[in-house]
Amino acid sequence: MKKFLKKIILISLPIIVAAISIEYLLRQIPNEYAYKRHYLDKNSNKIETLILGSSHSFFGINPAFMMENTFNSSNVSQSLKYDFKILTKYQNNFKNLTTIVLPIDYFSPWQDLAAGSENWRVKNYVLYYGMKSFKLNDYSEFLSIDLQKNLTRIKDHYITGGAISYSDLGWGTAYNSSKSLDLIKTGQTAAQRHTNDIFSKENQETYTKNLAILNSILNFCNQHNIKLILITSPTYNTYRENLSKIQLNKMFETIYNFVDEHKDVTYLNYFADTDFTEQDFYDADHLNEIGAEKFSRKLAHSIDSLNKL
Amino acid sequence: MEAFAAAGIHLQTHTLKIILPVGVSFYTFQALSYSIDIYRKKIEPTRDIIAFFAFVSFFPQLVAGPIERATNLLPQFYARRNFDYAKAVDGMRQILWGLFKKIVIADNCAVYVNQVFDTPQTQSSSTLLLAAIFFAFQIYGDFSGYSDIAIGTARLFGFNLMRNFNFPYFSRDIAEFWRRWHISLTTWFRDYIYIPLGGNRVSKAKVIRNTFIIFLVSGFWHGANWTFIVWGGFHALLFLPLVLLGKNRKNTNTIAENRIFPTITECFQWGITFLLVIAGWVFFRAKTIGEAVVYLAGICNTSFFEIPTGKKLIIRCFLFILLLLIMEWLNRNKQHGLEQMDKVKPIFRYVFYYMIVLAILLFAGKEQVFIYFQF
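Residues numbered from 1 in each chain as written. Chains lettered and ligands numbered in written order. Predicted model: local features only at pLDDT ≥ 70, side-chain atom pairs only at ≥ 80, totals over all residues. Heavy atoms only, no water.

**Remarks on the overall build of chain B**
Part 1: In terms of helices and strands, chain B carries 15 helices and 0 strands.
Part 2: Taking 375 residues into account, the globule formula puts the C-alpha radius of gyration at 21 Å, and chain B, at 21 Å, falls close to it.
Part 3: Overall, the C-alpha framework of chain B stretches about 65 × 60 × 50 Å when taken along its three principal axes.
Part 4: Within chain B, buried positions represent 51% of all 375 residues. (Helix = DSSP H or I, 4+ residues; strand = E, 2+ residues; numbered from the N terminus. Rg over C-alpha atoms; globule rule 2.2 N^0.38 Å. Buried < 20%, exposed > 50% of the residue type's maximum accessible area, 1.4 Å probe, protein only.)

Here is the structure:
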């Protein structure tokens, strides 16, 4: 038995050492989650406008073109649950927070990061925001993404010297107009990816949970005297044409009912805003840096007008 | 759920999971064999309740077999087990090989197979044929991989489980294939259904009846879907001529026995058998019979000579399948694909082990649930 265990340990040792080294190297790579946590740790008491949400706001809202002390703490596929977790994590630090911009897009009411195909991203909240998870994989970079992708990340950072893809104020810089994708193709694939069977038991449960989270966010805002602004981000028509009308109507119905019930909530709908043209989009549902500037200025103007009311 | 709904019983998913927990068809058969063997006075009923429940729920093979017999497994719970180094090392090798078959072969093939089987109408004939071949290796890698992991794990604890696969894709006829594929289920049906019905020692009409019963029941065991019944019936039709002509035990030895390479005749027999098995797998994999017919019809058209789509994934699957076939060919007289590794020089042996581990870590396909967990 001793001989067997000794051999097992000896054989496993190089694999364990390699795994620990890879984990260490991966954790040293700068990423938007670690940066945003660090920024919020240090500056949350100065933030006046906080942007939450998923990739639509991460790439679409650049705080550099908004009011002073705006910070974008959205991330790719960040669902309402994680928006709320970020808020509660820093609830005692947000001394000057006056406005929260919360995107509600076509997929948002049925989105749960931990349950979807992007669930590997949960590790970012566990490792870099210090949130809890019941899944062991979420506590490790090495275990949560396959080795090939991890090695590519290491190569990109340590050998090729990959650039940082977020701004100082948390805006995602990767979706550049010089690298725009085919709007027809991405319209179809994104619409397909975002369309759910909203009548399935799982999706109905997620919908109910998300609605409860939305109410919790509103309660948080009311308690802290913060204005909650719901927005729907701009999209290109090739995306809109491929959406399920049932899901889209349900999404709008949810927002309008919520806004009707809560007069202190404002809703700004840019979903089919004609100001945004082909040149503003990276793909059919994400703005590029030109669109992000246009959208951020427009949003800032609307918020400013609301504040003057 | 649909079957229950048809009977007017509307169940929730979680209720069904309680009524029909994972692996139910495996341990039901295991418990049945115990009762039948007692009835037949093959074994004495056990008075050791812990041994009995350990036999029914032995964790390595609980969810997907091998379906053990009380005559083999139960006495092993009574005996004192001492740690056996050689057995444990071989168990580890078998686990490693099982992981490779599941994670690298089956899960990579599954990506290609799922894409093609989801849209068969839009695929070329060559793509359809390739996906059918890949499905053959997916289901083999998935199921025999699980069996290897289960048998290997049991060996670490000093238990010997029965063999479940004996390199079935090296078979030279359908009868040989069924002696090598899912052995624990096939022998269960043979011992508890086929032989009690008279087997092949009855009139020809009854042999035909018995053959169809055993294959249709085997198909039905996989699920209440006509595709499984047709798959069973198809194999019955292939098996029948062999049993009627008394040639079903023609190939009881190993292919290319005492030789490195097979003869041309053996190659021909192997090729035909493999193609027939693949045709059967199309029914097994398809959601409906209509879909399977469309799929098979799609293979037989002029686009057969077109280059299949998905070059990168095809090359990856092909290389790993080649490695699987080479290792299993070299070990075709043994229990599993890595059994003879102890004869290799330690340096080469460890390099090979690390290569397998690296392949598992680097080329893991998209995680798929074991196919046989649904049965």
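**Re a nonpolar patch on the surface**
Part 1: Judged by side-chain polarity, Met 1, Leu 5, Ile 9, Leu 13 and Val 17 of chain A together with Phe 83 of chain B come together as a nonpolar surface patch covering roughly 560 Å² of accessible area.
Part 2: Positionally, Ile 9 of chain A belongs in helix H1 (residues 2–28). (Patch = residues over 30% accessible without salt bridge, like charges linked within 9 Å, V, L, I, M, F, W, Y side chains within 5 Å. Areas by Shrake-Rupley, 256 points an atom, 1.4 Å probe, with all protein chains shown as cover. Salt bridge = Lys/Arg side-chain N within 4 Å of Asp/Glu carboxyl O.)

**Examining the environment of Asn 242 of chain A**
Residue and element names in this part refer to chain A.
Part 1: Tracing the sequence through the fold places Asn 242 in the loop between helix H10 (237–240) and helix H11 (245–261).
Part 2: Separated by 50 residues in sequence, Asn 242 and Gln 192 have C-alpha atoms that sit 7.5 Å apart.
Part 3: Separated by 2.6 Å, the side chain of Asn 242 and the backbone oxygen of Thr 238 make a polar contact. (Polar contact = N/O pair within 3.5 Å; in protein donor to acceptor, adjacent residues only side chain to side chain.)

**Some thoughts on the packing of aromatic side chains**
Part 1: For the coordinates displayed, the defined rule picks out 64 aromatic pairs over all chains.
Part 2: Ring geometry for Tyr 112 of chain B and Phe 134 of chain B: centres 5.4 Å apart, planes at 70°, overall edge-to-face. In this pair, Tyr 112 of chain B is assigned in helix H6 (residues 85–118) and Phe 134 of chain B in helix H7 (residues 125–156), connecting sequence segments 22 residues apart. As far as burial versus exposure is concerned, Tyr 112 of chain B and Phe 134 of chain B are alike and both buried.
Part 3: Against the face of Tyr 90 of chain A rests Lys 89 of chain A, its NZ or CZ located 5.7 Å from the ring centre.
Part 4: The lysine or arginine in question, Arg 332 of chain B, covers the ring of Trp 329 of chain B, its NZ or CZ lying 4.0 Å from the ring centre. (Phe/Tyr/Trp six-rings, centres within 6.5 Å; stacked < 30°, edge-to-face > 60°. Lys NZ or Arg CZ within 6 Å of the ring centre and 35° of its normal.)

**Describing the domain arrangement of chain B**
Residue and element names in this part refer to chain B.
Part 1: Per the domain assignment, the segments of chain B are domain 1 (2–78) and domain 2 (85–172 + 251–374).
Part 2: With both sides pooled, the region where domain 1 packs onto domain 2 buries about 1300 Å², and carbon together with sulfur makes up 70% of that total.
Part 3: The tally of links from domain 1 across to domain 2 stands at 4 residue pairs in polar contact (both at pLDDT 80 or more).
Part 4: Counting residues per element, the side of domain 1 that touches domain 2 draws most heavily on helix H5 (residues 70–78), at 4 residues.
Part 5: When its residues are assigned to classes, the side of domain 1 that touches domain 2 shows 12 nonpolar, 5 polar and 1 charged. (Domains from an automatic or database assignment. Buried area = accessible area lost by both parts, 1.4 Å probe. Nonpolar A, V, L, I, M, F, W, Y, C, P; charged D, E, K, R; others polar.)

**Focus: helix H11 (residues 226–244) of chain B**
Residues and elements named next belong to chain B.
Part 1: In this model, H11 (19 residues) spans 26 Å end to end at C-alpha, consistent with the 27 Å of a helix rising 1.5 Å per residue.
Part 2: Considered for burial, the residues of H11 that qualify are Thr 227, Phe 228, Trp 231, Gly 232, Gly 233, His 235, Ala 236, Leu 238, Phe 239, Leu 240, Leu 242 and Val 243.
Part 3: Looking at the buried residues of H11, the elements they touch are helix H8 (174–180), helix H9 (183–194), helix H10 (204–221), helix H12 (264–285) and helix H13 (289–299).
Part 4: One or two steps after H11, the chain reaches Gly 246, where phi turns positive at roughly 70°. (Expected span 1.5 Å × (residues − 1). Contact = heavy atoms within 4.5 Å.)

**Observations regarding empty space enclosed by the protein**
Using a probe with the size of a water molecule, rolled over the atoms, empty space left in the structure can be pinpointed.
Residue and element names in this part refer to chain B.
Part 1: On inspection of all chains with the given rule, the structure shows 4 cavities of 30 Å³ or more.
Part 2: Lining the largest cavity are 15 residues, and of these Lys 101, Asp 148, Phe 165, Gln 335 and His 336 lie nearest its centre.
Part 3: Of all the elements, H7 adds the most residues to the lining of the largest cavity, at 5 residues.
Part 4: When grouped by side-chain class, the residues that make up the lining of the largest cavity number 4 nonpolar, 7 polar and 4 charged. (1 Å grid on protein atoms, 1.4 Å probe; cavity = no way out; pocket = protein on both sides within 12 Å on 5 of 7 lines; lining within 4 Å. Points joined across faces, edges and corners; volume = space filled by probe spheres on them.)

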